[in-house]
Amino acid sequence: MKYILVILLSYLIGSIPAGYVIGKIFFKQDIRKMGSGNVGSTNALRNFGKLAGLGTFLFDFSKAIVACIIGKKLAGEEGIYLAMFFVVIGHMYSFVLNFKAGKGIATIFGALVYINPVFALTLFAVFLVVMIASRIVSLASMSAALVAIVYGIYKFGINSFTICLSILALMIIYKHKDNFKRLIKGEEKKIF
């Protein structure tokens, strides 16, 4: 029962679409009809400005930490990993937005900072290096996701944490399939 509760609460928390809410409340616009159509911080930044982009990131980041704290209190270590998995699933497939929402980067980063800050910062370093070199957020995100799988299994072995992490990383890469097509064609937008 405690695991089911963690799953439900984490999914519900993850389903809160910060970019969509910020767009509707402060800008009276639906972010899904703007730019890439994504509700994440990159699209919020491009369409609503730095403050909205930062606010979206911080909310999506923080909701993962809240879910992991709840998961730990209710079900210990395994509860944390369940929370990480389902808060990101909620973010990606929010029932609020007909099961179409963000790509999960800020949310999984928040969960990883809670679980293992050093590991999270290593992945952030990968993201940052690729981002600075290419100025393409999607490429940096996919690179960090790939490294998360390989380095995660190398560092921690195969366990419930790395299985959850690897599945989420693959889902994040899949969520970027349109970005990948644009990258191949040389049409992907740069952040600056």
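Note that the coordinates shown come from a computational prediction; the quantities given were computed from them, not determined experimentally.

What counts and how
- Residues numbered from 1 in each chain as written.
- Predicted model: local features only at pLDDT ≥ 70, side-chain atom pairs only at ≥ 80, totals over all residues.
- Heavy atoms only, no water.
- Axes fitted to C-alpha atoms, helices over the stretch in contact; angles between N-to-C directions.
- Helix = DSSP H or I, 4+ residues; strand = E, 2+ residues; numbered from the N terminus.
- Parallel < 35°, antiparallel > 145°, perpendicular 65-115°, else oblique.
- Left-handed = near helix turned anticlockwise from the far one by under 90°.
- Contact = heavy atoms within 4.5 Å.
- Nonpolar A, V, L, I, M, F, W, Y, C, P; charged D, E, K, R; others polar.
- UniProt positions renumbered as here; feature names shortened; annotations may be inferred.
- Phe/Tyr/Trp six-rings, centres within 6.5 Å; stacked < 30°, edge-to-face > 60°.
- Buried < 20%, exposed > 50% of the residue type's maximum accessible area, 1.4 Å probe, protein only.
- Lys NZ or Arg CZ within 6 Å of the ring centre and 35° of its normal.

Chemist: For the packing of helix α3 (residues 41-48) against helix α4 (residues 50-92), give the residues involved together with the corresponding values.
Modeler: Relative orientation of the contacting elements α3 and α4 amounts to 165°, with a least axis distance of 7 Å. The pairing of α3 with α4 is recorded here as roughly antiparallel in orientation. Note that α3 runs across α4; the crossing there is right-handed. Here α3 contributes Ser41, Ala44, Leu45 and Phe48 to the contact with α4, which in turn contributes Lys50, Ala52, Gly53, Thr56 and Phe57. Here the residues of the contact of α3 with α4 sort into five nonpolar, three polar and one charged.

Chemist: Describe the UniProt feature "transmembrane region" (unreviewed entry) in the protein, listing the residues and the values that go with them.
Modeler: Per the UniProt record, "transmembrane region" (unreviewed entry) is found at residues 6-27, 48-74, 80-99, 111-133 and 153-174. Along residues 153-174 one finds 86% helix and 0% strand; the C-alpha atoms at either end are 20 Å apart.

Chemist: Can you explain the environment of Phe85? Please cite residues and give values.
Modeler: Inspection of the secondary structure assignment puts Phe85 in helix α4. Note: C-alpha distance between Phe85 and Ile167 (82 residues apart in sequence) is 8.7 Å. Setting aside residues up to four positions removed in sequence, Phe85 forms contacts with Cys164, Ile167 and Leu168.

Chemist: Break down the packing of aromatic side chains for me, with residues and values.
Modeler: Overall, the coordinates contain 13 aromatic pairs when judged by the stated rule. Measuring from ring centre to ring centre gives 5.4 Å for Tyr81 and Phe161, while their planes differ by 40°; the resulting arrangement is tilted. Linking Tyr81 in helix α4 with Phe161 in helix α8 (residues 160-175), this pair joins segments that are 80 residues apart in sequence. For the pair Tyr81 and Phe161, one class covers both residues: buried. Through a chain of ring-to-ring contacts, three or more aromatic side chains come together here, namely Tyr81, Phe119, Tyr151, Tyr154, Phe156 and Phe161. Note that Lys175 overlies the ring of Tyr93, its terminal NZ or CZ placed 4.5 Å from the centroid. A cation over a ring is seen here: Lys177 above Tyr174, with NZ or CZ 4.4 Å from the ring centre.

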